[in-house]
Amino acid sequence: MINPYLSISPEVQDALRNGKPVVALESTIISHGMPYPQNVETALRVEQTIRENGAVPATIAIIGGKLKAGCTPDEIEYLGKKGQAVIKASRRDLPVLLARKEDGATTVTTTMMIAAMAGIKVFATGGIGGVHRGAQQTFDISADLEELAQTPVMVICAGAKSILDLGLTLEYLETKGVPVIGFGTEELPAFYTRHSGFGVDYRIDTPDELAAAFKAKLDCGLKGGMLVTNPIPEQYSMPKEVIDKAIEQALREMDAAGIHGKQCTPFLLAKVKDLTGGDSLDANIQLVLNNARLAARTAAAYSRLTV
Ligand code: PSU
Ligand code: MN
């Protein structure tokens, strides 16, 4: 059955039909993750980087009630300028947003869903959601983890920020059968810094082996995705103490302000950014570009295995 809500751009459609590599990109990072105009500039640079590394970019978003796989530069500009006014759309938001023909910025969850609907296998982003600190009481666990458990897309990220409880996040992924891979590392990277103190399940050093592992998963009909954590390049990484201090303060301010639910992640991300000044924005941009490069090469390796 053809999904009447799904709208794949002509370029992405052509690439998919011809077995060419495609990389999905999320839009919450555009609308909610960075300020305008750096968000739009970065989104376009990320697309360019994917092209330079041999793949076709598919920025994913919900626009006017359509699930878009492949946005035009005008659509990216629109999402970036509208910023926080775009609804951050997780799995639970899709039914009403689509029926009302609204816009939505896709998180890791909804980007994976739409990528899977379109037939895209590889997705690059910055950081994923996970088990929040204090989740034993609040139950605040990102839908991203459930999506990784059920949707067959490889997500290439720079780990997760320690605004989360990284140990519990790894436990959750283990329970759900999601492989956590370190690209060139045995240690789970923590977004701005290469270090978390936690180990990954497997270290893999080449895009070819990433592609082969994911293909084996799909060939066996194992449901769910694969999480690839790619450390920020050394020269852009931030000292762990600086980041940890900012995160502790952001968490205290969140508690004091009584923030909860879907506002938690955006609040913490914005606070950490304020507390660390421009350094964290620069690091954020660099790690996303680094993930885009790896994702394009991995998508190309996957294409070689399947056509
Ligand atoms: N973590 C980051 N940067 C982000 C996000 C998370 O370091 O931009 C965004 C992603 O879109 C992710 C979402 O899927 O936040 C998770 O939100 P929540 O914790 O509300 O599930
Ligand atoms: Mn949450």
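Note that this is a predicted model, so its numbers are computed, not measured.

Caption draft 1: Representation of the site of ligand 1 within the structure. Taken together, 14 residues lie around ligand 1, and K88, S142, D144, K161 and T265 are the ones closest in. A distance of 2.8 Å separates an oxygen atom of ligand 1 from a polar backbone atom of V108. Contact distances for ligand 1 include 2.7 Å between an oxygen atom and a side-chain N or O atom of S142. Calculation on ligand 1 without its partners gives an accessible area of 480 Å², and the protein chains cover 90% of this total. Across the shell around ligand 1, the residue classes break down as 4 nonpolar, 6 polar and 4 charged.

Caption draft 2: Spatial organisation of the pairing of strand β9 (residues 180-183). Residues V180 and G182 line one face of β9 and the alternating positions I181 and F183 line the opposite face, and both faces are buried. Note that β9 and strand β10 (residues 202-204) share 3 bridges and pair parallel. Its bridge partner being in β10, G182 is matched across the sheet by R203.

Caption draft 3: Seen up close, the pattern of salt bridges. If you walk through the whole model with that rule in mind, you get 16 salt bridges. A salt bridge links K176 to E146; the nearest nitrogen and oxygen atoms lie 3.1 Å apart. Of this pair, K176 sits in the loop between α9 (166-175) and β9 while E146 sits in helix α8 (residues 143-150); the two residues are 30 residues apart in sequence, bridging distant segments of the chain. Of the residues examined, K176 reaches a relative accessible area of 34% and is grouped as partly exposed.

Caption draft 4: Local environment of the pairing of strand β8 (residues 154-157). The alternating pattern of β8 places M154 and I156 on one face and V155 and C157 on the opposite face, and all of these are buried. Sheet analysis places strand β7 (residues 122-124) next to β8, joined by 3 bridges and oriented parallel. Following the sheet pairing, A124 is matched in β8 by I156. Across 4 bridges, the pairing between β8 and strand β11 (residues 226-229) is parallel. In the sheet register, V155 faces β11, and the bridge partner there is L227.

Caption draft 5: Geometry of the environment of A160. Within the secondary structure, A160 sits in the loop between β8 and α9. Residues A160 and G130 lie 30 residues apart in sequence; the distance between their C-alpha atoms is 7.6 Å. In this structure, A160 is in contact with I128, L166, P189, A190 and F191, ignoring residues within four places of it in sequence.

Caption draft 6: Highlighting helix α3 (residues 38-52). For α3, built from 15 residues, the straight-helix expectation of 21 Å at 1.5 Å per residue is met to within 8% by its first-to-last C-alpha distance of 20 Å. Buried within α3 are the following residues: N39, V40, T42, A43, V46, E47, T49 and I50. Buried positions along α3 lie against β2 (22-25), α2 (28-31), β3 (56-63), α4 (73-82) and α13 (278-306). Trailing α3 by a residue or two, G54 shows a phi angle of about 90°, which is positive.

What counts, and at which threshold
- Residues numbered from 1 in each chain as written.
- Chains lettered and ligands numbered in written order.
- Predicted model: local features only at pLDDT ≥ 70, side-chain atom pairs only at ≥ 80, totals over all residues.
- Heavy atoms only, no water.
- Near = heavy atom within 4 Å.
- Polar contact = N/O pair within 3.5 Å; in protein donor to acceptor, adjacent residues only side chain to side chain.
- Areas by Shrake-Rupley, 256 points an atom, 1.4 Å probe, with all protein chains shown as cover.
- Nonpolar A, V, L, I, M, F, W, Y, C, P; charged D, E, K, R; others polar.
- Buried < 20%, exposed > 50% of the residue type's maximum accessible area, 1.4 Å probe, protein only.
- Helix = DSSP H or I, 4+ residues; strand = E, 2+ residues; numbered from the N terminus.
- Pairing = 2+ DSSP bridges.
- Salt bridge = Lys/Arg side-chain N within 4 Å of Asp/Glu carboxyl O.
- Contact = heavy atoms within 4.5 Å.
- Expected span 1.5 Å × (residues − 1).

The values reported here are purely geometric and, on their own, carry no functional implication.
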